[in-house]
Every structure is written in structure tokens, then in C-alpha cells.
2 protein chains.
Amino acid sequence: MVAARSGDDAELGLDVECLAAAPRWTRARRSHSEAQRKRRERINAHLDTLRGLVPSASRVRMDKAALLGEVVRYVRKLRSEAAGSEAVVPGEGDEVVVEEEEVEVEGCSCDAGERQAARRVKASVCCADRPGLMSELGDAERSVSARAVRAEIATVGGRTRSVLELDVARTAAAGGGSNGASQLPALQAALRAVIMSQEELLAVESYKQRRFSADFA
Amino acid sequence: MVAARSGDDAELGLDVECLAAAPRWTRARRSHSEAQRKRRERINAHLDTLRGLVPSASRVRMDKAALLGEVVRYVRKLRSEAAGSEAVVPGEGDEVVVEEEEVEVEGCSCDAGERQAARRVKASVCCADRPGLMSELGDAERSVSARAVRAEIATVGGRTRSVLELDVARTAAAGGGSNGASQLPALQAALRAVIMSQEELLAVESYKQRRFSADFA
DNA sequence: GAGTACACGTGATCC
DNA sequence: TGGATCACGTGTACT
């Protein structure tokens, strides 16, 4: 065998000694080996690139398997950090999207005691930018007893999009008077009212009248 | 060589013919092979994990090398997206950090005409959460004629941190009355005032008094 | 020597 | 057919 280039003394010598004229190096076999080597170095090139890209792998010299392990750790970390911060760039049309956040139940970090008191909701609002917009969004979120846990706002070219991560209370004594189940539509309506024009807003002014009237425990 | 179990006709026969009693299946060789198999399946397991983690690789069946290529593309994309949005989780102590954003001049997407009209600044404010905080931050940013381009707010456990990306005007006719060079300290002072306690704020109320009074070139 | 890690050549398999 | 990819066993080097 010719496994290592520097170790072809023993076996190669035996082959020559036994069969003499055995062309053990046919063109087919050679091109096959070369293709393999080329494949290997392509893979290892990408592996080296990753070694320089993942911070934990750049520090110390790592096993090839351990490197890949760190890569999956790093990708998981980055993608969980970037979760919810996608599609934050404002689009052309006004829109309000309210949806229940998917519960990521990896591991066992669930605190069952508080899990039923509130539910996580993601609200995305895209509209033209204007002064006081954030305050009005805060009013809308308060109108359904929601509490902002995280928010990301991006404005470009006069248009802005706010992606809000909210904890909306499930208790029946909610500020808006609705029970826990119907607060999502209420939140959606309140957010829609924020991006309505002045004339549209007059028709739905019941929202504005209610802004500071509720007084709950 | 005994590369494949079913391909041991030529060389193995030769070895037996030449050396006779060669026990080609020693315990050492066997454990070695098993260790290699275990190593291979560790690597391939991580590779499969990555195949499910990278969206472009989940779609179609990919080459092992091509998969790694997509992994580096994905990691590069995620890490560039997460740039600037690090350290958003609020800490224990109040703090205000204002620093000029590093200009990322990759490629040639610089619009030299507008580049001197404003400069990009990153401001990070960490303090206890309270109603109206965002409005006050907006006031502070307006006091130095800054315009929020992007903002990320995270609040956890009653404490909140806002990372603001601001375009602060360089023109001499700035709202605060300062010239272009000294607006960063002014912004820092204004943001500091926001997180000050009531009593601290009384001592520095000159800030509030000056808010809309100064008007000189 | 036992254990581990990498590169190599090879057989098998699928376009 | 020939090209491309994979898993396998092996040689070699380092701890």
C-alpha cells in the first residue's frame, strides 16, 4: 500500500517482488486518488475557514469533531440571538401583525408557576415615521395590560417598523375589560388605531377616550 | 491492504502467499478500526445537525463539502446581522455610553455628498425601567438635533437598556446651540440627565430650562 | 505500549 | 462509461 508517501518501502517492495510486472498504478486508480485528495482539501479548507470564524475555535487548537461541535453551538447561539430581529427593515405598506410567540422548549428551563400568568406575543408595526409614535405604541400596549419585554425599532427613509415582544397578562381583570383570550384582537385594534390617519382615527375615537380612564388593581 | 472487507482478494492473497502466517486481524488493528468508525460517526452526527440548522442546506440534499460551504455563508450572514446588537441585555448598574460608530466601508457604497452632513453615533442607556422613559430619551436626542435611525430596547426584571443608532447633524445651526464637534458630550449629558433621580435632576435643571430657549448661530 | 487524530488509497454506489 | 461522493481500514505521528 502507498498510504503515506514516505512509507512506500515495505509493501510496494513486496508487490514488486512477488508479481513483478503488476501495473499497480493504473490511470484510473491515480485519477481516483487525486479526486479524493482534491475533495479532502476542499472540505478541510472550509473547516479551516470555520476555525477562524468561530471565536471559541480560534483560541485553542481543536479536534475536527470538537470544532464542528463548537460550530453548531455558535450557529445555535447566533440564530437564537437573531430570533425575532428578522424582517425589521420597514416595508412600503402600512401593516400591523400580532402573533403568539412560538415557545422554544429546549431543555427544562420552564418555570411552570409563572407560565400561566402571561403569554408572550410578538407585534410588528410598520408605518410612516412621526414624532410621538413610540409613545402612542406604548399607550396601545398599556391599553391591553401588555408589558414590553423587548423591542426593536428600525426607521429608514421616513418609514419605520417596530417589532415588540410583549408579555400580555392572562388574568380576567385585564385593563381593557376583555378576558385573556380576546386580548390579542384588542391589541391588534389598538395598534391599528395608532397607524390610522387623523380622519380614520376620528371614527374610532373610542380608543382615545379610553386611554387614561381605566383604573385597575 | 485490506481496505474493504470484500476486496481482499489481490493483496491479501499476495501477503499470504509471500509471508504465509500473517494474522491480518489482530486485536490492535480491530480496536483501531472501531475507534475510527466512532470518530467518523461523531463528525457525521455534527454534520447532520448542521444540515438541519442551516436553512439553505435543509432544503436539498447537499454535498458534504457544499454543506460546509453553506455553513460558512450562514455563519458569516448571522454574525454580520448580529453586529451592533450585542450587549443589549440590561446590566445591574446605570450607565450611559456614547461613541462614534465605526464606519464599515466594505465595498464602495459611500455617498460622499451626504457623508459630511451628519455622523452616525451609537448611544447605549441602561437604567431602571419606568413609564415615559422612551419619550424622555426622544427629548434628549432632539436636544442635540439627533435623529434615531435604529433602536433596540430590551427590558428584563424591571431594568432596561436602549441601544440607539443616531444620525447627529454636523451643521453649525444645530438645535442645542453647540457646534458639530461638541454635540457628543451634549448628547451624553442629556442622556445622563434622563437617568438621574428627581433630586439630582433639580440640581441640573439648567438642562431643562435650556431645552427650547437657546437660539444662536 | 495504549489512546487518539489525521491523511491516504480503495471498493462501492449513484448519476 | 467516467466522474463524483461516501465509508472503510490502514499507516503514521503525537501524547
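- An unreviewed UniProt entry lists chain A under the name BHLH domain-containing protein, with Oryza barthii given as the organism.

## As for the overall build of chain A
Okay, so step 1: Check the secondary structure of chain A and you find 9 helices and 4 strands.
Okay, so step 2: Reading chain A from its N terminus to its C terminus gives the helix and strand order α-α-α-α-β-α-β-α-β-β-α-α-α.
Okay, so step 3: In chain A, which comprises 217 residues, the proportion classed as buried is 32%.
Okay, so step 4: Sequence separation of 24 or more characterises 63% of the internal contacts of chain A that already satisfy a separation of 6 or more.

## Quick notes on the pattern of salt bridges
Residue and element names in this part refer to chain B.
Okay, so step 1: Counting across every chain of the model gives 16 salt bridges over all chains.
Okay, so step 2: Between Arg30 and Glu34 there is a salt bridge; the shortest N-O distance is 3.7 Å. Residue Arg30 and its partner Glu34 are located together in helix α2 (residues 27-53), separated by 4 residues, close to a single helical turn.
Okay, so step 3: Judged by relative accessible area, Arg30 falls into the partly exposed class, the value being 43%.

## Let's talk about a positive patch on the surface
Okay, so step 1: Taken together, the side chains of Arg37, Arg39, Arg40 and Arg42 of chain A define a basic patch exposed on the protein surface.
Okay, so step 2: With respect to the secondary-structure elements, Arg42 of chain A resides in helix α2 (residues 27-53).

## Some thoughts on the packing of α2 of chain A against helix α4 (residues 64-81) of chain A
Between two packed helices, the angle of one axis relative to the other and the distance separating the axes together describe the packing.
Residues and elements named next belong to chain A.
Okay, so step 1: Running from N to C, α2 and α4 cross one another at 55°; their axes reach a closest spacing of 10 Å. The angle between α2 and α4 falls in the class oblique. In this structure, α2 meets α4 at a crossing whose hand is left-handed. Mapping the contact onto sequence places Asn44, Leu47, Leu50, Arg51 and Leu53 in α2 and Lys64, Leu67, Leu68, Val71 and Tyr74 in α4.
Okay, so step 2: For the contact of α2 with α4, a count of residues per class yields 7 nonpolar, 1 polar and 2 charged.

## Side note on the confidence of the model for chain A
Where the model shows low pLDDT, its predicted coordinates should not be examined in detail.
Residues and elements named next belong to chain A.
Okay, so step 1: For chain A, the average pLDDT comes to 73, and 59% of its residues sit at 70 or higher.
Okay, so step 2: The least confident element of chain A, judged by mean pLDDT, is helix α1 (residues 10-19) at 41; the most confident is α2 at 93.
Okay, so step 3: Contacts of residues 105-115 to residues separated by more than four positions or lying in other chains number 1 contact, the stretch itself having pLDDT below 50.
Okay, so step 4: Between residues 173-178, whose pLDDT stays under 50, and residues either more than four places distant or in other chains, the model counts 9 contacts.

## Regarding the side chain of Ser143 of chain A
All names here are of chain A.
Okay, so step 1: Here Ser143 shows up in helix α6 (residues 133-143).
Okay, so step 2: On the basis of relative accessible area, Ser143 is assigned to the buried category, the value being 16%.
Okay, so step 3: From its side chain, Ser143 meets the backbone oxygen of Ala140 in a polar contact 2.5 Å long.

## Re the packing of α4 of chain A against helix α4 (residues 64-81) of chain B
Okay, so step 1: For the pair α4 of chain A and α4 of chain B, interaxial distance at closest approach is 10 Å and the crossing angle is 40°. By the angle between their axes, α4 of chain A is oblique relative to α4 of chain B. Judged by the sense of rotation from one axis to the other, the crossing of α4 of chain A with α4 of chain B is left-handed. Side by side, α4 of chain A and α4 of chain B meet where Leu68, Val71, Tyr74, Val75, Leu78 and Arg79 of chain A of the first sit next to Leu68, Val71, Tyr74, Val75, Leu78 and Arg79 of chain B of the second.
Okay, so step 2: Along the lines of polarity and charge, the residues of the contact of α4 of chain A with α4 of chain B split into 10 nonpolar, no polar and 2 charged.

## Considering the nonpolar core
Okay, so step 1: Counting residues in hydrophobic clusters, the biggest one holds 46 residues, and the most contacted among them are Val98 and Leu191 of chain A together with Val98 and Leu191 of chain B.
Okay, so step 2: Residues in contact with Leu191 of chain A, not counting those within four places in the same chain, are Val96, Val98, Ala123, Val125, Leu137 and Ala140 of chain A.
Okay, so step 3: Counting 30 residues, the second-largest nonpolar core is a separate cluster that includes Val72 of chain A together with Ala65, Leu67 and Val75 of chain B.

## Concerning the side chain of Ser124 of chain B
All names here are of chain B.
Okay, so step 1: If you trace the backbone, Ser124 turns up in strand β2 (residues 118-128).
Okay, so step 2: On the accessibility criterion, Ser124 (11% relative accessible area) is buried.
Okay, so step 3: Side-chain polar atoms of Ser124 contact the side chain of Arg161, separated by 3.2 Å.
Okay, so step 4: Excluding its chain neighbours within four sequence positions, the residues that come into contact with Ser124 are Glu95, Val96, Val97, Arg161, Ser162 and Val163.

Conventions used here
- Residues numbered from 1 in each chain as written.
- Chains lettered and ligands numbered in written order.
- Predicted model: local features only at pLDDT ≥ 70, side-chain atom pairs only at ≥ 80, totals over all residues.
- Heavy atoms only, no water.
- Helix = DSSP H or I, 4+ residues; strand = E, 2+ residues; numbered from the N terminus.
- Buried < 20%, exposed > 50% of the residue type's maximum accessible area, 1.4 Å probe, protein only.
- Contact = heavy atoms within 4.5 Å.
- Salt bridge = Lys/Arg side-chain N within 4 Å of Asp/Glu carboxyl O.
- Patch = residues over 30% accessible without salt bridge, like charges linked within 9 Å, V, L, I, M, F, W, Y side chains within 5 Å.
- Areas by Shrake-Rupley, 256 points an atom, 1.4 Å probe, with all protein chains shown as cover.
- Lys, Arg positive; Asp, Glu negative; His and termini not counted.
- Charge placed at Lys NZ, Arg CZ, Asp CG, Glu CD.
- Axes fitted to C-alpha atoms, helices over the stretch in contact; angles between N-to-C directions.
- Parallel < 35°, antiparallel > 145°, perpendicular 65-115°, else oblique.
- Left-handed = near helix turned anticlockwise from the far one by under 90°.
- Nonpolar A, V, L, I, M, F, W, Y, C, P; charged D, E, K, R; others polar.
- pLDDT = per-residue confidence, 0-100.
- Polar contact = N/O pair within 3.5 Å; in protein donor to acceptor, adjacent residues only side chain to side chain.
- Core = buried A, V, L, I, M, F, W, Y, C linked by side-chain atoms within 4.5 Å.

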